[in-house]
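Read off the chains here:
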Amino acid sequence: MPRYKLVIEYDGTPFSGWQRQLNGPSVQQSVEEAIEAFCGHAVRLHCAGRTDAGVHATHQVAHVDLAREWRTDVVRDAANARLKSQVPVSVLSAEIVSDAFDARISARRRYYIYRILDRRAPPALDRGRVWHVPVKLDHEAMDRSAKALLGHHDFTTFRAAECQANSPLRTLDRLDVVREGAEVVVYAHARSFLHHQVRSIVGSLKMVGMGRWPEAKIGQILAARERAQCAALAPSCGLYLAGVDY
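The sections below set out a description of the structure shown in this document. (Residues numbered from 1 in each chain as written. Predicted model: local features only at pLDDT ≥ 70, side-chain atom pairs only at ≥ 80, totals over all residues. Heavy atoms only, no water.)

## Some words on helix α5 (residues 217-224)
Here is step 1 of the chain: Taken as a whole, α5 has its buried residues at Ile218, Ile221 and Leu222. Projected down its long axis, α5 carries its buried residues within an arc of 105°, all on one side. Opposite the buried face of α5, at more than 90 degrees from it, the exposed residues are Gln220 and Ala223.
Here is step 2 of the chain: On its buried side, α5 packs onto α3 (139-146), β7 (151-154) and α4 (197-209).
Here is step 3 of the chain: After α5 finishes, the residue Arg225 shows a positive phi value of roughly 50°. (Buried < 20%, exposed > 50% of the residue type's maximum accessible area, 1.4 Å probe, protein only. Helix = DSSP H or I, 4+ residues; strand = E, 2+ residues; numbered from the N terminus. Arc of directions from axis to C-beta. Contact = heavy atoms within 4.5 Å.)

Laid out in C-alpha cells, this is it:
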C-alpha cells in the first residue's frame, strides 16, 4: 500500500479539533471522508500534531496509506474537490513517501505561531483568527521574559492538567515575541510540545506585556513547577501550527 505525505491547511474555527471524535466535526474526519470519496475504501490519517478545537494550521502534516497508487496531483485535487464545498480545509500538497515515514514519530521539529491583535478596535476581517487584547502590549518586555523558557526544562507550570505526555520535560529551541504591524506575534519552535504549552506560555507573557507581572515572574513560575502559578490560558483562535521538519 503506497503511503502519502499530505500538507494540510485549515481554519480550526468550526472544528472540535484535529482528532476524530463523537461530539463534533473534526479536521481528521473531513479529510478522511474526502479521500474515501475518490479512493473507494476506508482510510486513517495520522498527523504531526493533534490541534485543539479552534486552533488553525498553515502547515499540518499527515500521512495516509491507500490501496493503490494514485498520481499525487490526483490525490490533492480530488480531496480538495470535496473539501472546498464543505469545510475550510485544503490539501496543499501530496507526495509518495516510504513506509518508514510517520507524520508524528518522524518529526524533528514543530513550529507554532500565536497572533495577538493589541488595539482598541476589535478585528473584523480576522475575527476568530487572532486574540484581541484591547490594550497596547509591551512586546519587548514579553520577549525578554520569554527567554527564561528557552532550553530544556520541566514545563509542569505550562502543561494542561489532562496532558497525557509521559514527562513534563521539553526543550524550547525558539521563543520570540515580535511586533508585526498591528499585531504581536509569538514564535515557538521545539521538537515536541505539551498539551496547551504554547497557549499557557502566551497567556502568562500577556500578563507581562500588560505590566501586571514583572519580567522575572516567568522564570519564577517555571521554577515553581505548579500549574496554579500559570496565568489564564490564551484562547485557541490565535494559535497556528505553521510547520514541521523531518
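Further notes follow.
## Things to note about the packing of α3 against α4
Here is step 1 of the chain: Where α3 meets α4, the axes come as close as 8 Å, and the angle between the chain directions of the two elements is 130°. When the axis of α3 is compared with that of α4, the two are oblique. The hand of the α3/α4 crossing is right-handed. For the pair α3 and α4, the contacting residues are Ala141, Met142, Ser145 and Ala146 in the first and Leu205, Lys206, Val208 and Gly209 in the second. (Axes fitted to C-alpha atoms, helices over the stretch in contact; angles between N-to-C directions. Parallel < 35°, antiparallel > 145°, perpendicular 65-115°, else oblique. Left-handed = near helix turned anticlockwise from the far one by under 90°.)

## Structural notes on the environment of Thr13
Here is step 1 of the chain: Here Thr13 is to be found in the loop between β1 (3-10) and α1 (27-39).
Here is step 2 of the chain: Each C-alpha atom, one on Thr13 and one on Gly128, is 6.7 Å from the other, the two residues being 115 residues apart in sequence.
Here is step 3 of the chain: Sequence-distant contacts of Thr13, defined by excluding residues within four places in its chain, comprise Gly54, His56 and Gly128.
Here is step 4 of the chain: A distance of 2.6 Å separates a polar atom in the side chain of Thr13 from a polar atom in the side chain of Asp11. (Polar contact = N/O pair within 3.5 Å; in protein donor to acceptor, adjacent residues only side chain to side chain.)

## Side note on the nonpolar core
Here is step 1 of the chain: Ranked by size, the top nonpolar core spans 73 residues in total, and within it Leu6, Ile35, Leu66, Ile116 and Leu149 carry the most contacts.
Here is step 2 of the chain: Each residue touching Leu6, except ones within four places of it in the same chain, is listed here: Ile35, Leu45, Gln60, Val61, Ala62, Val64, Val75, Val91, Ser93 and Ala94. (Core = buried A, V, L, I, M, F, W, Y, C linked by side-chain atoms within 4.5 Å.)

## Details of the pattern of salt bridges
Here is step 1 of the chain: Applying the stated criterion to the full structure yields 17 salt bridges.
Here is step 2 of the chain: A salt bridge links Glu95 to Lys5, with the nearest nitrogen and oxygen atoms 4.0 Å apart. Of this pair, Glu95 sits in strand β4 (residues 89-97) while Lys5 sits in strand β1; the two residues are 90 residues apart in sequence, bridging distant segments of the chain.
Here is step 3 of the chain: In this structure Glu95 comes out as partly exposed when scored by relative accessible area, which is 39%.
Here is step 4 of the chain: Here Arg115 and Glu183 are joined by a salt bridge, their closest N and O atoms 2.7 Å apart. Of this pair, Arg115 sits in strand β5 (residues 109-117) while Glu183 sits in strand β9 (residues 183-190), placing them 68 residues apart in sequence. Each of the two residues, Arg115 as well as Glu183, counts as buried.
Here is step 5 of the chain: Each member of the salt-bridge network shares a partner with another, and the members are Asp143, Lys147, Arg174 and Asp176. (Salt bridge = Lys/Arg side-chain N within 4 Å of Asp/Glu carboxyl O.)

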